[in-house]
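A structural walkthrough
Residue strings, one per chain:
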Amino acid sequence: MQQQGQPPQAGQKGQIGQQGRMQTPPEVITTKDLLYLRDALSWELGAMKKCAHFAQECLDSDIRQAIEQAGQMHQRHYNMLLQHLQTNNAQMMAQVPSPQQLKQQMQQ
């Protein structure tokens, strides 16, 4: 089961669980994937900043704590995305067969 709106990527070996979520990141990050990741990083960073701001503004300690926990969650997500991006994508892309190589393999 693929995530909605996302076709399978060439060389993608991430395993997909029952909920349609990928359990491991793909070995290759395409340009389109990179754009999605950049947007996701931006959203997580914005959410972290908003949580930090509103936690400082909040007078109720229970609500402040809940907002701080939400900010920490967004920070974890941001760090997780960064970690996935720190793989050597160029090396993995070199291992993906070109369209000509795939065509030759199909003809054999």
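**Section: the nonpolar core**
In terms of nonpolar packing, the biggest core is built from 7 residues, these being Ile29, Leu37, Ala40, Leu41, Met48, Tyr78 and Leu81. Elements with a contribution of two residues or more to this core: helix H1 (31–57) and helix H2 (61–85). Per-element accounting of this core gives the leading share, 4 residues, to H1. The contacts of Tyr78, once residues within four sequence positions are left out, are Leu41, Glu44, Leu45 and Met48.

**Details of the packing of H1 against H2**
Packing of H1 against H2 brings their axes to within 8 Å, and their N-to-C directions diverge by 155°. By the angle between their directions, the pair H1 and H2 is classed as roughly antiparallel. Between H1 and H2 lies a crossing whose hand is left-handed. Only Arg64, Ile67, Glu68, Ala70, Gly71, His74, Gln75, His77, Tyr78, Leu81, Leu82 and Leu85 of H2 make contact with H1, whose side of the interface consists of Leu34, Leu37, Ala40, Leu41, Glu44, Leu45, Ala47, Met48, Cys51, Phe54 and Ala55. When the residues that make up the contact of H1 with H2 are grouped by side-chain class, the tally is 16 nonpolar, 4 polar and 3 charged.

**Observations regarding the environment of Trp43**
Tracing the sequence through the fold places Trp43 in helix H1. Here the alpha-carbon distance between Trp43 and His74, two residues 31 residues apart in the chain, equals 9.0 Å.

The rules behind these values
Residues numbered from 1 in each chain as written. Predicted model: local features only at pLDDT ≥ 70, side-chain atom pairs only at ≥ 80, totals over all residues. Heavy atoms only, no water. Core = buried A, V, L, I, M, F, W, Y, C linked by side-chain atoms within 4.5 Å. Buried < 20%, exposed > 50% of the residue type's maximum accessible area, 1.4 Å probe, protein only. Helix = DSSP H or I, 4+ residues; strand = E, 2+ residues; numbered from the N terminus. Contact = heavy atoms within 4.5 Å. Axes fitted to C-alpha atoms, helices over the stretch in contact; angles between N-to-C directions. Parallel < 35°, antiparallel > 145°, perpendicular 65-115°, else oblique. Left-handed = near helix turned anticlockwise from the far one by under 90°. Nonpolar A, V, L, I, M, F, W, Y, C, P; charged D, E, K, R; others polar.

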